[in-house]
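Here's the letter readout for the chains.
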Amino acid sequence: MRPGRITVAAVVLAAAAAGVGSDIARSASHPSAPSPPSASVAPTTTTPTATKGRPGVTRSPGIEAPTAPTTRTTPSLADRISDPQVAADRLVAAWVRGDRVAARNLAGGAVTDRLFSESPPAQTPAALPCRLADLAVFVCSYPIAERSELTIIVEGGASAGYGVSGVEFGD
């Protein structure tokens, strides 16, 4: 048998095994005639029911709503930051506007506490380009005063995402 015939034979065999072989044969011999429903196929209900606690969300009977995972080991694609400069810039912006929650999401508690121990400048400082310091470690700098600089250490990779692992204030 040729590969094309094997594929057709496999589809026909699978359809026959599913109990719809007679419907296929009937529609092939009389394509314009509608075929009656097969006795082996259970009728489906399409009556949606409201999902408890979630207005406007409906589900079909017998279908369970997906549950959220209890722990996250990797960030979702929407949360993943694929550029170390973006991670550092977002942290600096959160610091300048006084948003500790956003800062903790980017850097964790200890780094956020260290960052917020210093007063932010009135405006978001201009960023110097991040530079590679070690394998998967970037150093991003922000001049915050005449002779003062904020250094942000960012670790990670583009596929897994970048996160802030440290901050330093220096001259």
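What you see is a predicted model, and the numbers here were worked out from it, not measured in a lab. (Residues numbered from 1 in each chain as written. Predicted model: local features only at pLDDT ≥ 70, side-chain atom pairs only at ≥ 80, totals over all residues. Heavy atoms only, no water.)

**Q** If you had to explain the packing of helix α4 (residues 100–107) against helix α5 (residues 109–116) to someone new, which residues and values would you point to?
**A** Axis separation between α4 and α5 bottoms out at 7 Å; the angle between their running directions is 130°. In terms of orientation, α4 and α5 fall into the oblique class. Judged by the twist between their axes, the crossing of α4 over α5 is right-handed. Touching Arg100, Ala103, Arg104 and Ala107 of α4 are Gly109, Val111, Thr112, Asp113 and Phe116, all from α5. Residues that form the contact of α4 with α5 fall into these classes: four nonpolar, two polar and three charged. (Axes fitted to C-alpha atoms, helices over the stretch in contact; angles between N-to-C directions. Helix = DSSP H or I, 4+ residues; strand = E, 2+ residues; numbered from the N terminus. Parallel < 35°, antiparallel > 145°, perpendicular 65-115°, else oblique. Left-handed = near helix turned anticlockwise from the far one by under 90°. Contact = heavy atoms within 4.5 Å. Nonpolar A, V, L, I, M, F, W, Y, C, P; charged D, E, K, R; others polar.)

**Q** So what's going on with the sheet that holds strand β4 (residues 137–145)? Residues and values would help.
**A** With respect to topology, four strands assemble into an open sheet ordered β3-β4-β5-β6, the strand pairing being antiparallel. Both outer strands of the open sheet, β3 (131–134) and β6 (161–170), are each paired with one neighbouring strand and no more. Within this sheet the neighbouring strands show an average axis-to-axis angle of 35°, counted without direction. Taken together, the three bridges between β3 and β4 define a ladder with antiparallel strand orientation. Looking across to β4, one finds that Leu132 is bridged to Phe138. Its contacts with the sheet place α5 against β5 (148–157) and β6, and it is angled at close to 35° to β6. (Pairing = 2+ DSSP bridges.)

**Q** Requested: an account of α5, with residues and values cited.
**A** Burial in α5 covers these residues: Val111, Thr112, Leu115 and Phe116. One side of α5 carries all its buried residues, which in axial view fall inside an arc of 125°. (Buried < 20%, exposed > 50% of the residue type's maximum accessible area, 1.4 Å probe, protein only. Arc of directions from axis to C-beta.)

**Q** Tell me about the pairing of β6, and name the residues and values.
**A** The pairing of β5 with β6 spans nine bridges and is classified as antiparallel. If you follow Thr151 over to β6, its bridge partner there is Glu168. Count of turn residues in the β5/β6 antiparallel hairpin: three residues.

**Q** Describe in detail the pairing of β4, supporting the description with residues and values.
**A** Connecting β3 to the antiparallel partner β4 that follows it, the hairpin turn spans two residues, and Ala136 within it adopts a positive phi of roughly 65°. Sheet analysis places β4 next to β5, joined by eight bridges and oriented antiparallel. The partner of Val139 across the bridge, within β5, is Ile153. Counting the residues that bridge the hairpin from β4 to β5 gives two residues.

**Q** Kindly report on the packing of aromatic side chains, identifying the contributing residues and their values.
**A** All chains considered together, the criterion is met by two aromatic pairs. Look at Phe138 and Tyr162: their rings are 5.6 Å apart centre to centre, the planes differ by 80°, and that puts the pair in the edge-to-face class. On the criterion of sequence distance, the pair formed by Phe138 in strand β4 and Tyr162 in strand β6 is long-range, its members being 24 residues apart. A residue is classified by how much of its surface remains accessible, and Tyr162, at 14% relative accessible area, is buried. (Phe/Tyr/Trp six-rings, centres within 6.5 Å; stacked < 30°, edge-to-face > 60°.)

Note that all results are geometric; they support no functional claim without further evidence.
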